[in-house]
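What follows is each chain in one-letter form.
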Amino acid sequence: MTTTQAPQALPCGLGLLIGSKFASTVAYATSWVLLPLYVYQASGSAVLTALASAANVLPFLLFGLFAGAAVDRSSPVRVMAWMEVANAAVLLCVPLLAATIGAGPVLLCAIGFASATAYVWFDVASAALLPALAGADGVFRANSYLWMTTTVLTAVAAPVGYFLLDALRLGPTFAVLAGCYLLSAVLIAAIRPRPDTAGSARPEPGAVWAGVKYLAAHPLLRAYTTVNVGVGVSAGAVYGMLVVFASRALGLPSDDYRVAWIVAASGVGALVGAIAARRFKGVPPIPAARWMTGLDLVLLLAYAAAPSWQLAAVLLLCWNTVHTCFLVVGISVRQTVTPQRLQGRVNAVGRMIVWGSVPLGTLLCGGLTELIGPRWALAALGVFAFASLVAALRAPSALTMDNALLEKAET
């Protein structure tokens with residue numbers, strides 16, 4: 001007679017963290033749909049709209065290293081709670097301005113930048129806290145749950161945002177989103193981490209750059225980070241040009257419902273990839289990276305050559321399944337092998353690389369599209385995915401999680 005092992009329940013602290021990320025992602029994703037939309041409606045300026053969108057990316061590139069050092073020196077729980085309160089205060093400026101002098105496009109861009117800056121500290125602290133709550137054995141599963149949550153919420157952010165804006169108008173909508181941040185802060189404040197996650201009260205020499213140095217010196221993390229750069233650039237080409245590719249390569253009007261199906265297929269792929277990532281916990285990381293980057297390249301080129309929107313949607317779903325799975329596995333590997341005292345700084349560097357490479361891919365693909373067309377532009381950006389595959393093939397297979405964990409214990 002066989003017995004079935006019941007699924008292990010999530011630790012209380014991890015459940016609170018996931019609940020916090022749920023509330024925070026509702027506010028973050030919805031506000032970043034609404035801000036560029038409202039800026040464009042109010043100004044009609046493509047430049048200001050682009051500025052509103054760029055404000056979502058720039059803070060991580062500007063402040064990521066400093067956020068990592070601050071998180072490792074303090075308590076991740078304390079940093080997260082205060083940043084959520086700060087973000088609520090920032091969003092409450094919108095109804096205040098709307099009721100007084102008016103929420104102009106430039107002021108909304110400034111509010112967006114301030115909100116994204118607070119989110120940098122929250123995100124870095126969240127990545128640092130997760131291994132302490134989940135334990136080394138639970139990191140893959142915990143990241144899978146977190147990415148499933150954020151993927152679903154990001155997918156529904158646009159319709160939710162449009163509904164709130166239509167039903168409540170600008171000021172009350174942002175008041176509701178500020179309430180989500182406050183709910184997140186309350187959930188975070190209830191987390192009781194172990195004492196060894198409190199961080200060091202005394203600054204270390206060169207603390208800001210410690211994460212860069214650790215990542216550069218660690219063979220496994222260095223290999224995964226190198227692979228991530230090329231994959232991120234090629235991913236930026238796909239994500240940033242979805243609508244343009246559908247219009248110019250597949251011949252669909254930008255307001256055609258079939259474009260929505262293609263975008264939805266990308267979201268489904270991200271969800272499936274997040275679910276699949278937990279299965280890679282015991283898989284050797286370098287062979288896994290080789291297979292996933294190889295599939296990433298093949299599916300990207302197939303998507304670029306797709307003759308119909310139906311096939312394009314299927315290939316995009318498969319590509320984003322592989323791509324998201326690789327991202328989540330990479331994050332989990334990084335968190336598992338990094339000492340707790342460096343979690344904030346090392347994860348901040350990893351996120352900065354992703355946030356920097358994806359917009360670069362979008363810009364490169366946009367420029368090439370004007371010169372050689374969307375299909376060839378997307379295929380040309382596949383050279384970055386190919387470079388990632390080469391880097392993965394050159395990495396020694398002997399770089400395993402077991403070796404990395406032994407090095408971690410010795411530090």
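About the thresholds
- Residues numbered from 1 in each chain as written.
- Predicted model: local features only at pLDDT ≥ 70, side-chain atom pairs only at ≥ 80, totals over all residues.
- Heavy atoms only, no water.
- Axes fitted to C-alpha atoms, helices over the stretch in contact; angles between N-to-C directions.
- Helix = DSSP H or I, 4+ residues; strand = E, 2+ residues; numbered from the N terminus.
- Left-handed = near helix turned anticlockwise from the far one by under 90°.
- Contact = heavy atoms within 4.5 Å.
- Nonpolar A, V, L, I, M, F, W, Y, C, P; charged D, E, K, R; others polar.
- pLDDT = per-residue confidence, 0-100.
- Core = buried A, V, L, I, M, F, W, Y, C linked by side-chain atoms within 4.5 Å.
- Buried < 20%, exposed > 50% of the residue type's maximum accessible area, 1.4 Å probe, protein only.
- Parallel < 35°, antiparallel > 145°, perpendicular 65-115°, else oblique.
- Expected span 1.5 Å × (residues − 1).
- Bend = angle between axes of the 7 residues up to and from the residue.

Now for the packing of helix 9 (residues 219–240) against helix 14 (residues 343–372). Put simply, helix 9 and helix 14 touch, their axes get as near as 6 Å, and they point 35 degrees apart. Along this stretch, helix 9 crosses helix 14, giving a crossing that reads as right-handed. Each of Leu 221, Thr 225, Asn 228, Val 229, Gly 232, Val 233, Gly 236, Ala 237 and Gly 240 in helix 9 lies in contact with helix 14, whose residues at this interface are Val 346, Ile 353, Ser 357, Val 358, Leu 360, Gly 361, Thr 362, Leu 364 and Cys 365. Classifying every residue of the contact of helix 9 with helix 14 gives 10 nonpolar, eight polar and no charged.

Here we come to the confidence of the model for the protein. Close reading of the predicted structure is inappropriate where its pLDDT is low. Within the protein, residue pLDDT values average 84, and 90% of them lie at 70 or more. Mean pLDDT values for the elements of the protein range from 54 in helix 16 (residues 401–410) up to 94 in helix 12 (residues 285–304). Every residue in residues 1–7 scores below 50 in pLDDT, and together they form zero contacts with partners more than four places removed in sequence or on other chains.

Glancing now at the nonpolar core. Formed by 113 residues in total, the largest nonpolar core has its most connected members in Leu 17, Phe 174, Tyr 224, Val 238, Tyr 303, Val 329 and Leu 378. Counting residues per element, this core draws most heavily on helix 5 (residues 105–134), which supplies 15 residues. For Val 238, the contacting residues outside a window of four places in its chain are Leu 300, Tyr 303, Leu 316, Trp 319 and Leu 378.

This part takes up the packing of helix 1 (residues 12–43) against helix 7 (residues 170–189). How two helices pack is summed up by the angle between their axes together with the distance between the axes. Relative orientation of the contacting elements helix 1 and helix 7 amounts to 160 degrees, with a least axis distance of 8 Å. With respect to helix 7, the element helix 1 is oriented roughly antiparallel. Regarding helix 1 and helix 7, the two cross each other, and that crossing is left-handed. Here the contact of helix 1 with helix 7 is built from residues that sort into 16 nonpolar, seven polar and no charged.

Here we come to the side chain of Gln 343. Inspection of the secondary structure assignment puts Gln 343 in helix 14. Residue classification places Gln 343 among the buried residues on the basis of a relative accessible area of 0%. Sequence-distant contacts of Gln 343, that is, excluding residues within four places in its chain, are made with Asp 72, Ala 127, Ala 128, Pro 131, Gln 335 and Thr 338.

Okay, the environment of Gly 112 next. Within the secondary structure, Gly 112 is located in helix 5. Considering only alpha carbons, one finds Gly 112 and Tyr 28, 84 residues apart in sequence, at a separation of 10.0 Å. Beyond its immediate sequence surroundings of up to four residues, Gly 112 is in contact with Trp 32, Leu 35 and Ala 55.

Time to look at helix 3 (residues 58–73). Here helix 3 spans 23 Å end to end across 16 residues, near enough to the 22 Å set by a 1.5 Å rise per residue. Along helix 3, the sharpest kink reaches roughly 55 degrees, centred on Gly 64. Of the positions making up helix 3, those classed as buried are Pro 59, Phe 60, Gly 64, Leu 65, Ala 67, Gly 68, Ala 69, Val 71 and Asp 72. Its buried side turned inward, helix 3 meets helix 4 (76–99), helix 5, helix 8 (210–217) and helix 14.

Assignment of secondary structure puts Leu 14 in helix 1. A residue is classified by how much of its surface remains accessible, and Leu 14, at 2% relative accessible area, is buried. For the pair Leu 14 and Ala 142, spaced 128 residues apart in sequence, the C-alpha separation works out to 7.7 Å. When neighbours within four sequence positions are excluded, Leu 14 is seen to be in contact with Leu 133, Ala 134 and Ala 142.

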